[in-house]
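# Summary of the model geometry
Chain residues, written in single-letter form:
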Amino acid sequence: GLGFNIVGGTDQQYIANDNSIYVSWIKKDGAAYLDGRLQEGDKILAINGKDLKDLRHKDAVELFRNAGCYVSLKIQRRLQPQNGPVGHQGDGESGGLPLAAILVPGLVLAATAVWILLRYRQRL
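The following paragraphs examine the structure supplied in this document. (Residues numbered from 1 in each chain as written. Predicted model: local features only at pLDDT ≥ 70, side-chain atom pairs only at ≥ 80, totals over all residues. Heavy atoms only, no water.)

## A word on the layout of surface pockets
One way to see where empty space is left: roll a probe the size of a water molecule over the atoms. What counts is decided by this rule: Grid spacing is 1 Å over the protein atoms alone, the probe is 1.4 Å, and a cavity is where that probe fits but cannot get out, while a pocket is an open set with protein on both sides within 12 Å along at least five of seven lines and lining residues have an atom within 4 Å of a point. Grid points are joined across faces, edges and corners, and a volume is the space filled by probe spheres set on the points. Starting at the N terminus, helices and strands are each numbered in turn, a helix being any DSSP run of H or I of at least four residues and a strand any DSSP run of E of at least two. Residues are grouped as follows: nonpolar covers Ala, Val, Leu, Ile, Met, Phe, Trp, Tyr, Cys and Pro; charged covers Asp, Glu, Lys and Arg; every other residue, Gly included, is treated as polar.
Of the voids in this model, the largest pocket is the one considered here, and its volume is about 300 Å³. Counting only elements with at least two residues in the lining of the largest pocket, the list comes to β1 (4-8) and α2 (57-65). Looking at the lining of the largest pocket residue by residue, the class counts come to six nonpolar, four polar and two charged.

Shown next, in the form of structure tokens:
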């Protein structure tokens, strides 16, 4: 996966009267965590150019599951002011998350480790 959970949607509003999709949790050492740009509380406006406005939660989850190796997110950063309600800054568009830059080397390392383990076992 991409290494984070989402909440929200038309059927499971995270914030009253707001159908938006939000990042609820980022898995430590997951792709999004290692990339470092996505934060818990960020509103996700689009994935790979597909607008997430007014989607049911399960439909948004399917878009993330089928996003592929190269994922670009348009987000709105959530600010936590010292006093007062939570605000939002601008349109918060990120440059996208090139998760393949993290996932591919990770898969290569895992495959190499498995290969070494199998070769070691053959020698026993």
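Okay, back to it.
## Examining the environment of Asn5
Operational definition: Contacts between residues were defined by any pair of non-hydrogen atoms, one from each residue, lying within 4.5 Å.
Positionally, Asn5 belongs in strand β1. Leaving out residues up to four positions away in the same chain, Asn5 has contacts with Tyr22, Val23, Ser24 and Trp25.

## Structural notes on the side chain of Lys43
Applied cut-off: Under this definition, polar contacts are N or O atom pairs within 3.5 Å; protein pairs additionally need one hydrogen-donor-capable and one acceptor-capable atom, and for neighbouring residues in sequence, both atoms have to be side-chain atoms.
Its place among the elements puts Lys43 in strand β3 (residues 43-47). Side-chain polar atoms of Lys43 contact the side chain of Ser20, separated by 3.5 Å. Residue contacts for Lys43: discarding those within four places in its chain leaves Asp18, Ser20, Ile21, Tyr22, Lys74, Ile75 and Gln76.

## Comments concerning α2
Every α-helix winds through 3.6 residues per turn, so residues three or four apart in the chain are directed the same way. Let me state the cut-off plainly: Buried residues are those whose accessible area, probed at 1.4 Å on protein chains only, stays under 20% of the maximum for their type, while exposed residues exceed 50% and partly exposed ones sit between those limits. Throughout, the arc means that of the directions going from the helix axis to the C-beta atoms.
Considered for burial, the residues of α2 that qualify are His57, Ala60, Val61 and Phe64. In a view along the axis of α2, the buried residues occupy a sector of 100°, so they form one face of it.

## Considerations on the packing of aromatic side chains
Counted only if it meets this: Put simply, two rings from Phe, Tyr or Trp (the six-membered ring, in Trp's case) pair if the centres are within 6.5 Å, and we call them stacked under 30 degrees between planes, edge-to-face over 60, tilted for the rest.
What the rule picks out here adds up to two aromatic pairs. Between the aromatic rings of Tyr14 and Tyr22, the centroid separation amounts to 5.4 Å while the plane-to-plane angle is 45°, which identifies the pairing as tilted. Relative accessible area serves as the criterion here: at 0%, Tyr22 is assigned to the buried category.

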